[in-house]
Amino acid sequence: MWTNEKKGRDKMSTGTLAIYDLESGYADSLMQYISQKKSMPFRTVAFTAKNALYEYLEKNHIDILLIGADNMEKELEDEDIERIILLTNGTIFSEYIGYASIYKYQSSEKIIKEILDYFVDVNCSRQKIFDRGKDVEIMAVYSPIKRTGQTTFALVMGQLLATKFRTLYINLEEFSAFDKVFQQCYEGDLSDLMYFYKQNPDTLPIKLKTIVQTIHQLDYIPPLIYSKDLRNIETGKWIEMMEAVAGTGMYEKIIIDISSAVSDVFSMLKFCDKVFMPIAGDAVSLMKVSAFEEYILKSEGDEIMEKIIKVKIPLTKTDNPNENFLENQMWGELGDYVKALLEEAA
């Protein structure tokens, strides 16, 4: 038997996933892959011998048993196992046709996402949303001026923070084009997370893990595909969900990249601890910022103004924004600028 149980596991680790497969190296390699993932909500044990599995079950409860379909036997139904999932190569014996199953030869990442979906069902009653702690800092990036490099700035800041803190980036733009920028096809996005949160808030921590993607240590939630979802959901509901995300204890820093598509921008800015405002130096842009500030002072008071940190973003020009664009920005003039800014704002 192998185990990936770690000292000081985070507070969302509440269950046990067991992997039992006789194929040489499969159970161990899958367990090792899972152990490298951050903040999994379970400890993982792996078996390649039947007697070792039964010995473990004499003293321990298993939330999910992931077992090779050829190794399944009726006796396991009487053991202290909450859910059995079959690892299949495409075929299942007729007596086990009613069991949940996962295709074993797909990518480990997809296997993990499917396991987490099942884990919601068996474990959501134990998951609780924690109150937002003092150790979680929520930062907004917002500008009343368009074409300021706002998202590039937010992503570079997030990557730099992620080298020291557990950091999450959330994009609230109408058209982020993240699928094109990162050349990925996402299986879930921010609207999916909101859907699951509205259905059952207690499932949020696990659903968050199934949706979150990572770039250079920075976790991010794939943005909305349909901008109508952003406009149709009340800002108060977005704030409520983000408060719950902060309350999971999974992150120390959360960056929210806000656009004017949010129905109530000012409520979102009030919710955040700091507001980084990219500006430009031309006369029209400066007048827009001035008008924005006048409006805030008249309608919202000093609360938002006290949080605002103005930034003038230096960008490294590139003919191909998809090719090493963020790396170039992070290690260029913008990266140096953001490092100095974060030190000053700390």
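Each residue is numbered by its place in its chain's sequence as written, counting from 1. For this predicted model, a pLDDT threshold of at least 70 governs which residues receive local features, and a threshold of 80 or more governs which side-chain atom pairs are given and counted, while totals over whole chains, interfaces and linings are taken from all residues. Hydrogens and water are ignored here; the side-chain numbers use all heavy atoms of the structure.

Participant: Explanation requested: the side chain of Q150 in the structure shown.
Facilitator: The way it works is that DSSP assigns letters per residue, a run of H or I at least four long becomes a helix, a run of E at least two long becomes a strand, and they are numbered from the N terminus. The residue Q150 is located in helix 4 (residues 150-162) in this model. Residues are treated as being in contact if the distance between any of their heavy atoms lies within 4.5 Å. Residue contacts for Q150: discarding those within four places in its chain leaves V141, Y142, S143, D257, I258, P278 and I313.

Participant: Whenever I open this one, the pairing of strand 10 (residues 218-221) confuses me. Can you help?
Facilitator: Residues in a regular strand project their side chains so that they alternate between the two faces of the sheet. Covered by surrounding structure in strand 10 are L218 and Y220 together with D219 and I221, the residues of both alternating faces. Following DSSP output, two strands are said to pair if at least two bridges run between them. Of the strand pairs in this sheet, strand 8 (residues 167-172) and strand 10 are connected by three bridges, and their pairing is parallel. Residue pairing across strands places Y169 opposite Y220, the latter belonging to strand 10. Inspection of the sheet shows strand 9 (residues 213-215) paired to strand 10 by three bridges, in the antiparallel sense. By the bridge assignment for strand 10, Q213 is matched with Y220. Turn length for the strand 9-strand 10 hairpin, with the two strands adjacent in sequence and antiparallel, is two residues, and the turn residue H216 shows positive phi of about 50°. Partly exposed describes any residue whose relative accessible area lies between the buried limit of under 20% and the exposed limit of over 50%, with all areas from a 1.4 Å probe on protein chains only and scaled to the type maximum.

Participant: Just checking my understanding: could you explain helix 2 (residues 50-57) for this structure?
Facilitator: Working note: α-helix, 3.6 residues per turn, so residues spaced by three or four point in the same direction. What helix 2 keeps buried is the set L53, Y54, Y56 and L57. Looking straight down helix 2, one finds its buried side chains confined to an arc of 160°; they lie on one side. For helix 2, the secondary structure elements touched by its buried residues are strand 2 (15-20), strand 3 (42-47), strand 4 (62-68) and strand 5 (81-88). By definition, the arc is the one covered by directions from the helix axis to the C-beta atoms.

Participant: Help me understand the environment of T16 in this model?
Facilitator: For T16, the position within the fold is in strand 2. Separated by 26 residues in the primary sequence, T16 and F42 have C-alpha atoms spaced 5.1 Å apart.

Participant: What is the right way to read the environment of Y142 from this model?
Facilitator: Summarising the element assignment, Y142 is placed in the loop between strand 7 (137-141) and helix 4. Among the residues examined, Y142 registers a relative accessible area of 5% and is labelled buried. Along the backbone, Y142 and S260 are 118 residues apart, and their C-alpha atoms lie at a distance of 8.6 Å. Apart from residues lying up to four places away in sequence, Y142 is in contact with Q150, I258, S259, S260, V265, L269, F276, M277, P278 and F292.

Participant: What is the right way to look at unusual backbone geometry in this model?
Facilitator: Among all residues save glycine, negative phi is the norm, and among peptide bonds the norm is trans. Unlike most non-glycine residues, H216 shows phi in positive territory, near 50°. Along the chain, H216 turns up in the loop between strand 9 and strand 10.

Participant: For this particular structure, what's the right way to read the sheet that holds strand 12 (residues 274-278)?
Facilitator: A sheet is described by the order of its strands in space; here seven strands give the open sequence 9-10-8-11-7-12-13, paired in mixed fashion. Because the sheet does not close on itself, it has two edges, and the strands there are strand 9 and strand 13 (308-311). Pairs of neighbouring strands in the sheet enclose a mean axial angle of 25°, with direction left out of account. As a rule, the C-alpha atoms of each element are fitted with a line to give its axis, helices using only the stretch in contact, and angles between N-to-C directions run from 0 to 180 degrees. The sheet strands contacting helix 4 are strand 7, strand 8, strand 9, strand 10, strand 11 (253-258), strand 12 and strand 13, and the helix crosses strand 11 at an angle near 175°. Lying over the sheet, helix 14 (residues 333-345) contacts strand 12 and strand 13, oriented at roughly 155° with respect to strand 13.

Participant: Would you mind going over the confidence of the model for the chain with me for this structure?
Facilitator: The predicted coordinates ought not to be read in detail in places where the model reports low pLDDT. The quantity known as pLDDT measures the predictor's confidence residue by residue, on a range of 0 to 100. The share of residues in the chain with pLDDT of 70 or more is 84%, and the mean pLDDT across the chain is 82. Note on residues 5-13: pLDDT is under 50 here. Beyond four places in sequence and across chains, it has 21 contacts. Scored below 50 in pLDDT, residues 125-130 shows 20 contacts in the model against residues more than four places distant or in partner chains.

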